[in-house]
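Observations on the model geometry
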Amino acid sequence: MSVRDLADGGITVGQAGGEDVVLVRRGEAFFAVGANCTHYHGALSQGLVVGDTLRCPLHHACISLHSGETMRAPAFDSIPRWRVERIDDKIFVREKLPEPGRKQLRSTTDGRKPPASVVIIGGGAAALGAAEMLRREGYDGRLTMISADDWPPYDRPNLSKDFLVGAAPDDWMRLRLPEYYREQNIDLVLNSRVSALDIPAKRVHLENGETYGFEALLIATGAEPVRLKIDGATDSQIHYLRTFADARAIVSQAASAKRAAVVGASFIGLEVAASLRTLGIAVDVIAPEKQPLERVMGPEIGGMIRGLHEAHGVRFHLGETVKRIDANTLTLTSGATLEADLVVLGVGVSPSLSLAEQAGLATDRGIVVNEYLETSAAGVFAAGDVARWPDPHSGERIRVEHWVVAERQGQMAAKNILGYRERFDAVPFFWSQHYDLAINYVGHAERWDSTEIDGDLNARDCAVSYKRGGRTLAVATISRDQKSLEAEAAMEAQKG
Ligand SMILES: Cc1cc2nc3c(=O)[nH]c(=O)nc-3n(C[C@H](O)[C@H](O)[C@H](O)COP(=O)(O)OP(=O)(O)OC[C@H]3O[C@@H](n4cnc5c(N)ncnc54)[C@H](O)[C@@H]3O)c2cc1C
Ligand code: FES
């Protein structure tokens, strides 16, 4: 193709050797890379070029145009590259390039050696992000992941989405195949709960009596559902959704359920409601707020999401909570009653802090970490839902519950375990899926004084900006993936 046919920052799709390729222009440089993201096959032709990276439109993976490496999750695997040749004003995509070889550990500014052993507590997003990055960076020391889960790291966000509706079999839920852990020499210890940390002795103690020594430690224990005590209800009557086992239990009961009650209009509660409706189960949502998702997304998106669920037959009981449960009958605070043979509680989570508290680490509604994700103890890092970090974009210390943030923090903690001293400064990002509607959200706005809607909320094609003092803190988009990427890039450029 001619050089003039592709503007700076432009992306075009084609084929090379029978494979789909995108050709990208960055100034006078041209790059040919695979056309699909290795996370969920996002079409990179719809992505955004930011500096020397290509961003995936679906969940914002960040891919190096030079090496094809996914520099930031949620994709982990590299995409292929092709050699590009320019002859006069014509661009030719030539042969496929070999995958880059294994990296060598970088030398650190302070000349420190990498730790002889790393223990990661947790088997979720942050934990796998860290383990994968340690090995990718060339770390070959002892690496142990200890997880209370009974499954190797899996796609937790999918538990309330495709998995619940039966569209994702068990095998698709794994983030990595079992052989990956063997090949990468990652000692994955499942079904094992760490009960105590002895930081001075550099040792973790498990409930089963085993102990593991470490030179560097990552705490990636995530969060656990807030449990409500409801009069009359037995524990077995109420479902929570955090783990694969929780999801399997809901799927099993949903198989015979006719009516479900979802308590809480959180993202997870509403995603569960959408999935249960998709299965043809009648759904009542009971929540104390006036509008679902209002606290995070404001009344406009809250109202639209409520309308979407109502159009799918969900009945809302807002400004209410459940007072008692007797067999299949729920009594609400207003005295109204409703029937349900499946009850799911989605009333939020709290960070799993007990180990950190017991070990005397600084905590403040999360484990306090610095910009390198290091806790108050040297060599002990924390990442994911459990960590509260100084976010350079909002200027606040924040803790979020976002999949991509947890993975990226795990990745950055890994680099800092290796002594690279890189700041965690990624813009927070999350997505949520309700029926066929996806909401993307970049930035972080706990409080805002104005919102600006670009587009048409009712047509489900819009970007909502959350502002304080005229500054955009966060942007939520529906059907505007490019806008979401642009907002993220603008926030990245603003930081500092
Ligand atoms: C159903 C559901 C849907 C979601 N959907 C989305 C979504 O669409 N988009 C989005 O951005 N986010 C979503 N999230 C949130 C996202 O999954 C979390 O932000 C993310 O999993 C946090 O990762 P983490 O590694 O910090 O914690 P987790 O993934 O929770 O992992 C914590 C790990 O620590 C282990 N652990 C805890 N304590 C111990 C201990 N003492 N000893 C050993 N192991 C321990 C646990 O077993 C687990 O393996 C969803 C969450 C759920 C539950
Ligand atoms: S499909 Fe690319 S980040 Fe999810």
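In what follows, the structure referred to is the one given above.
Reading the values: rules and limits
- Residues numbered from 1 in each chain as written.
- Chains lettered and ligands numbered in written order.
- Predicted model: local features only at pLDDT ≥ 70, side-chain atom pairs only at ≥ 80, totals over all residues.
- Heavy atoms only, no water.
- 1 Å grid on protein atoms, 1.4 Å probe; cavity = no way out; pocket = protein on both sides within 12 Å on 5 of 7 lines; lining within 4 Å.
- Points joined across faces, edges and corners; volume = space filled by probe spheres on them.
- Helix = DSSP H or I, 4+ residues; strand = E, 2+ residues; numbered from the N terminus.
- Nonpolar A, V, L, I, M, F, W, Y, C, P; charged D, E, K, R; others polar.
- Salt bridge = Lys/Arg side-chain N within 4 Å of Asp/Glu carboxyl O.
- Buried < 20%, exposed > 50% of the residue type's maximum accessible area, 1.4 Å probe, protein only.
- Pairing = 2+ DSSP bridges.
- Near = heavy atom within 4 Å.
- Polar contact = N/O pair within 3.5 Å; in protein donor to acceptor, adjacent residues only side chain to side chain.
- Areas by Shrake-Rupley, 256 points an atom, 1.4 Å probe, with all protein chains shown as cover.
- Core = buried A, V, L, I, M, F, W, Y, C linked by side-chain atoms within 4.5 Å.
- Contact = heavy atoms within 4.5 Å.

Observations regarding empty space enclosed by the protein
- Taken as a whole, this structure holds two cavities of 30 Å³ or more when the rule is applied.
- There is about 40 Å³ of room inside the largest cavity.
- Forming the boundary of the largest cavity are His393, Arg471, Thr472, Leu473, Met491 and Gln494.
- When residues of the lining of the largest cavity are traced back to their parent elements, those giving at least two are β35 (471-478) and α8 (481-494).
- Among the elements that line the lining of the largest cavity, the one with the most residues is β35, at three residues.
- Of the residues belonging to the lining of the largest cavity, the class tally is two nonpolar, three polar and one charged.
- The calculated volume of the second largest cavity comes to roughly 30 Å³.
- Trp389, Val404, Val405, Arg408, Phe424, Ala426, Val427, Pro428 and Phe429 are the residues that line the second largest cavity.
- Of the residues forming the lining of the second largest cavity, the biggest block, three residues, is contributed by helix α7 (residues 403-417).

Some thoughts on the pattern of salt bridges
- Going through the model one piece at a time under the given rule, you end up with 39 salt bridges.
- Note that Arg106 is salt-bridged to Glu422, the shortest N-O span being 3.0 Å. Of the two residues, Arg106 is situated in the loop between β9 (90-96) and β10 (117-121) and Glu422 in the loop between α7 and β31 (429-434); the sequence distance between them amounts to 316 residues.
- Under the relative-accessibility criterion, Arg106 is labelled partly exposed at 39%.
- Glu422 gets classed as partly exposed once you look at its relative accessible area, which sits at 22%.
- The partner of Asp326 in a salt bridge is Arg324, and the shortest N-O contact between them spans 2.8 Å.
- For Asp326, a relative accessible area of 34% puts it in the partly exposed group.

Digging into the sheet that holds strand β30 (residues 396-398)
- With mixed pairing, three strands are arranged side by side in an open sheet as β27-β29-β30. The sheet is open, and its two borders are formed by β27 (367-368) and β30, each paired with just one other strand.
- With two bridges connecting them, β27 and strand β29 (residues 387-391) associate as parallel partners. If you follow Val368 over to β29, its bridge partner there is Arg388.

Concerning the layout of surface pockets
- The volume enclosed by the second largest pocket comes to roughly 660 Å³.
- Taken together, 22 residues make up the lining of the second largest pocket; nearest its centre are Asp77, Ser78, Glu99, Pro100 and Arg136.
- Its residues assigned to classes, the lining of the second largest pocket shows seven nonpolar, four polar and eleven charged.

Examining the site of ligand 1
- Of all residues adjacent to ligand 1, which total 33 residues, the nearest are Ala126, Lys161, Val194, Arg242 and Asp385.
- Between Val194 and ligand 1, the recorded distance is 2.8 Å, taken from a backbone N or O atom to a nitrogen atom.
- One of the backbone nitrogen or oxygen atoms of Trp431 is found 2.9 Å away from a nitrogen atom of ligand 1.
- Contact with the protein chains covers 94% of the free accessible surface of ligand 1, which is 1000 Å².
- Sorting the residues of the shell around ligand 1 by element identifies α1 (125-136), α4 (267-278), α7 and β31 as the ones contributing at least two each.
- Along the lines of polarity and charge, the residues of the shell around ligand 1 split into 15 nonpolar, ten polar and eight charged.

Quick word on the nonpolar core
- Membership of the largest hydrophobic core comes to 71 residues, with the highest contact counts inside it found for Ile120, Leu134, Leu197, Val204, Leu217 and Leu218.
- Excluding anything up to four places from it in sequence, Leu197 contacts Ile121, Arg203, Val204, Leu217, Ile219, Leu355, Gln358 and Ala359.
- Listed in part, the 50 residues of the second largest apolar core include Tyr154, Ala254, Val272 and Leu293.

Topic: the environment of Gln184
- Relative to the helices and strands, Gln184 is located in the loop between α2 (178-183) and β12 (187-189).
- By relative accessible area, which is 27% here, Gln184 ends up partly exposed.
- Taking the C-alpha atoms as reference points, Gln184 and Asp140, separated by 44 residues in sequence, lie 8.9 Å from one another.

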